[in-house]
Amino acid sequence: MQPLQPSPSLSKLQGVGNVQPGFLAGESGTQIHSGERAYQCHICSKTFTQSGSLQTHIKYVHMKMQPPPRKRNKKTAA
């Protein structure tokens, strides 16, 4: 049995010193830095750079869900 070889699709991004698993040959990293907005809301046509941002937009804007309450630091009297 031969040892596993690194996948050619997991290459280092140009200008970035570490390998980022899950990125196919740096496509996603390049997409982020280019400003490309590949995800579009099917309801209002607003565009996003990340799928998670689109999902959050749909959830809170179009489904009218309330975001979870923020945890606030309690200031102590000095």
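Treat the numbers as computed from the prediction; the structure is a model and nothing was measured. (Residues numbered from 1 in each chain as written. Predicted model: local features only at pLDDT ≥ 70, side-chain atom pairs only at ≥ 80, totals over all residues. Heavy atoms only, no water.)

Peer 1: Quick rundown of the overall build of the protein? Include the residues and the values.
Peer 2: When helices and strands are counted, the protein shows two helices and two strands. When the helices and strands of the protein are read in sequence order from the N terminus, they spell out α-β-β-α. With 78 residues in all, the protein has 12% of them scored as buried. Of the roughly 7200 Å² of accessible surface on the protein, a fraction of 54% belongs to carbon and sulfur atoms. (Helix = DSSP H or I, 4+ residues; strand = E, 2+ residues; numbered from the N terminus. Buried < 20%, exposed > 50% of the residue type's maximum accessible area, 1.4 Å probe, protein only. Areas by Shrake-Rupley, 256 points an atom, 1.4 Å probe, with all protein chains shown as cover.)

Peer 1: Provide a residue-level description of the confidence of the model for the protein, including the pertinent values.
Peer 2: The predicted model of the protein has a mean per-residue pLDDT of 73, with 55% of residues at 70 or higher. Segment residues 7–20: pLDDT under 50, and 15 contacts once partners within four positions in sequence are set aside and those in other chains are kept. (pLDDT = per-residue confidence, 0-100. Contact = heavy atoms within 4.5 Å.)

Peer 1: Talk me through helix 2 (residues 51–62); I want residue IDs and the actual numbers.
Peer 2: For helix 2, spanning twelve residues, the distance from its first C-alpha to its last is 16 Å, which sits close to the expected 16 Å at 1.5 Å a residue. Along helix 2, the residues classified as buried are Leu-54, His-57 and Ile-58. For helix 2, the angular spread of the buried residues around the axis is 95 degrees, confining them to a single face. Close packing links the buried residues of helix 2 with strand 1 (39–40) and strand 2 (47–48). Residue Lys-64 follows helix 2 closely and has a positive phi angle near 55 degrees. (Expected span 1.5 Å × (residues − 1). Arc of directions from axis to C-beta.)

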